[in-house]
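# Descriptive analysis of the structure
Read off the chains here:
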Amino acid sequence: MFPDFNRWSLPLLILALQGLVFVCLLFGRYFKKRNLSDLFLGCILLLTSYSQTCYTLGFMGWYDAFRTTKINYFLINIGIALAPLIYLYVKSVTTSNFKFKKSYWWHFALAIAFVVYRFSIYTYDALQPGFSGTQNGVLKISLDEEYILSIMSYIEPPFMLLYLAFTFQLFYSYRKKIMQYFSNTYKLELNWILTFLILFSTLFLYGTVQDIIGSRFMELGYQERWWLNLLAALVTLFVGIKGYFTDTTKLNKLDFSFSPKTIGIPEERDNIEHKSVSEDDIATVNHLMVEQKAYLNPELNLSDLAKMANMTRGQLSETINSGYNKNFNDFVNGYRVEAFKTMLKENKQQQLSLLGIAQECGFNSKATFNRVFKKLTSFSPTEYLKTQLK
């Protein structure tokens, strides 16, 4: 009898309802603040929660109690809509002043076409006699289940894989970009987004393997497929919590003046000709770093240093990239590491902790300091200190 609250249905029901709560919260915040990232993430959670709800109702006995339910017409392959939503969500978070362009609708062409197709066959079947007394009509059986579902099983996995590849590429391109603009990137690295992508990639791989096993090797029933739905429900809840409570709108707060408090990434708009780096430019930058110790400013970014050097951002970036063969991040942090070493030679560790010394040298987070120091010296700060005490 429906509803049957059992060990299969109850965990999914609780998680699916919680996922829908975060859908409402994200949509509510979108209508209030108009942050597109909230809209995209809300749609992602809505699709995954909808899919889980359909399975949950099955475990609760809905389809046994109501055998004429037409749910099969509305179980779409969510991957064809989920993949572009994930891509656009990451793009909205990692792009300054992101705006939704009309051309982005093409990402959803396949999903829209599939939904229109399903409503079309539903409309046709609904007009046939005896439809109210059956679950699937004539077109659902003879066309959809006979041909279309099989075709979609070959289309959806590569479609999802392609979008995930593009999304990872977009994310790592962003990571590379911030290294050219900021000296301390910890607050901008968006490790949460990387976790988000890994989780959905795991779900995709799990689901693909499950489908291959179910179609080629053995019959998989509701209980065998329950584990994927439980994992999807847990991921949905985690993504909802992290996505709602993590401020992912930082990069939309664009300010081309680049004051120290600004953390948006600018688009490069300096129209300069690429030319060989002059010795004067190198000397100017060297003076700022060695004599004025510009690196001690923990919020130092490319625009700040360019103003100090009386250069455009493009000129300064080319001077650092070509003249020192480094990106901006490695360039500035190299001076900070050397300053740290100097303070150790002066026995500053007797007065301050290693992290305290690092902060005196311009680092603003322990994670960044440890990673940068290891990268540039091949030692952890503690290991390096031990070598100096011998």
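What counts and what doesn't
Residues numbered from 1 in each chain as written. Predicted model: local features only at pLDDT ≥ 70, side-chain atom pairs only at ≥ 80, totals over all residues. Heavy atoms only, no water. Helix = DSSP H or I, 4+ residues; strand = E, 2+ residues; numbered from the N terminus. Rg over C-alpha atoms; globule rule 2.2 N^0.38 Å. Buried < 20%, exposed > 50% of the residue type's maximum accessible area, 1.4 Å probe, protein only. Contact = heavy atoms within 4.5 Å. Areas by Shrake-Rupley, 256 points an atom, 1.4 Å probe, with all protein chains shown as cover. Axes fitted to C-alpha atoms, helices over the stretch in contact; angles between N-to-C directions. Parallel < 35°, antiparallel > 145°, perpendicular 65-115°, else oblique. Left-handed = near helix turned anticlockwise from the far one by under 90°. Nonpolar A, V, L, I, M, F, W, Y, C, P; charged D, E, K, R; others polar. Domains from an automatic or database assignment. Buried area = accessible area lost by both parts, 1.4 Å probe. Salt bridge = Lys/Arg side-chain N within 4 Å of Asp/Glu carboxyl O. Core = buried A, V, L, I, M, F, W, Y, C linked by side-chain atoms within 4.5 Å. UniProt positions renumbered as here; feature names shortened; annotations may be inferred. 1 Å grid on protein atoms, 1.4 Å probe; cavity = no way out; pocket = protein on both sides within 12 Å on 5 of 7 lines; lining within 4 Å. Points joined across faces, edges and corners; volume = space filled by probe spheres on them. Phe/Tyr/Trp six-rings, centres within 6.5 Å; stacked < 30°, edge-to-face > 60°. Lys NZ or Arg CZ within 6 Å of the ring centre and 35° of its normal.

On to the overall build of the chain. Scanning the chain for helices and strands turns up 15 helices and zero strands. In terms of overall size, the chain is more extended than a compact globule, its C-alpha atoms giving a radius of gyration of 27 Å where 390 residues would be expected to give roughly 21 Å. In terms of overall dimensions, the chain has C-alpha extents of about 90 × 50 × 40 Å along its principal axes. The burial tally for the chain puts 46% of its 390 residues in the buried class. Sequence separation of at least 24 residues holds for 71% of the intrachain contacts in the chain that already meet a minimum separation of 6. As presented, the chain carries roughly 20,700 Å² of accessible surface, and 60% of it is formed by carbon and sulfur atoms.

What follows is about the packing of helix α9 (residues 279–290) against helix α10 (residues 302–309). Relative orientation of the contacting elements α9 and α10 amounts to 110 degrees, with a least axis distance of 10 Å. In terms of axis orientation, α9 runs roughly perpendicular to α10. α9 and α10 meet at a crossing whose hand is right-handed. Residues Thr284, Leu288 and Met289 of α9 pack against Leu305, Met308 and Ala309 of α10. For the contact of α9 with α10, the residue count by class is five nonpolar, one polar and no charged.

This part covers the domain arrangement of the chain. Partitioning the chain into structural domains gives domain 1 (8–253) and domain 2 (279–389). Each of domain 1 and domain 2 has a C-alpha centre, and the two are 43 Å apart. Facing the nine residues of domain 1 at the interface are 21 residues of domain 2. Here domain 1 packs against domain 2, burying approximately 1,200 Å² in sum over the two surfaces, 42% of which is carbon and sulfur. Sorting the residues of domain 1 by area buried against domain 2 places Gln180, Ser183 and Asn184 first, and these three jointly supply 48% of that buried surface. Counting across the domain 1 and domain 2 interface gives one salt bridge. Residue Arg371 pairs with Glu189 through a salt bridge whose shortest N-O separation is 2.4 Å.

Turning our attention to the nonpolar core. Counting 98 residues, the largest nonpolar core has Tyr89 and Phe196 as its most contacted members. The dominant element in this core, judged by the number of residues it contributes, is helix α4 (residues 79–94), at 11 residues. Domain assignment of the residues forming this core places at least three in each of domain 1 (8–253) and domain 2 (279–389). In contact with Tyr89, not counting residues within four places along its chain, are Ser37, Phe40, Leu41, Ile44, Trp192, Ile193, Phe196 and Thr248.

As annotated by UniProt and renumbered to match this structure, "transmembrane region" (unreviewed entry) occupies residues 6–27, 39–62, 74–92, 104–127, 147–168, 188–206 and 226–245. Across residues 74–92, helical content stands at 74% and strand content at 0%; the span's end C-alpha atoms are separated by 29 Å. Spanning residues 147–168, this segment combines 100% helix with 0% strand, and its end C-alpha atoms are found 33 Å apart.

Two elements in contact, helix α2 (residues 36–59) and α4, have axes separated by 9 Å at closest approach and are oriented at 155 degrees. Taken as axis vectors, α2 and α4 run roughly antiparallel relative to one another. Considering the relative orientation of α2 and α4, their crossing is left-handed. Here Ser37, Phe40, Leu41, Cys43, Ile44, Leu47 and Thr48 of α2 lie close against α4, whose contacting residues are Ala81, Leu82, Leu85, Ile86, Leu88, Tyr89, Ser92 and Val93.

The space that makes up the largest pocket amounts to roughly 1,900 Å³. Taken together, 49 residues make up the lining of the largest pocket; nearest its centre are Tyr55, Asn77, Glu156, Asp211 and Arg225. Those elements that place two or more of their residues in the lining of the largest pocket are α2, α3 (62–65), α4, α6 (138–179), α7 (191–216) and α8 (222–245). Looking at the lining of the largest pocket, the element that brings in the most residues is α7, giving 11 residues. Of the residues belonging to the lining of the largest pocket, the class tally is 23 nonpolar, 18 polar and eight charged.

Moving on, we get to the packing of aromatic side chains. Taken as a whole, this structure holds 38 aromatic pairs when the rule is applied. Measuring from centroid to centroid gives 6.4 Å for Phe22 and Phe245, while their planes differ by 80 degrees, and the two rings are edge-to-face. Of this pair, Phe22 sits in helix α1 (residues 9–33) while Phe245 sits in helix α8, and the two are 223 residues apart along the sequence. With a relative accessible area of 11%, Phe22 lands in the buried category. Note on Tyr295 and Tyr335: the rings are 5.9 Å apart at their centroids and 15 degrees apart in plane angle, and the pair reads as stacked. Linking Tyr295 in the loop between α9 and α10 with Tyr335 in helix α12 (residues 328–345), this pair joins segments that are 40 residues apart in sequence. The same class applies to Tyr295 as to Tyr335, namely buried. In this structure an aromatic cluster arises from ring pairing among Phe40, Phe98, Phe100, Tyr104, Trp105 and Phe108. It is Arg29 that lies over the ring of Tyr244; its NZ or CZ is 4.4 Å from the centre. Note that Lys70 overlies the ring of Phe131, its terminal NZ or CZ placed 4.7 Å from the centroid.

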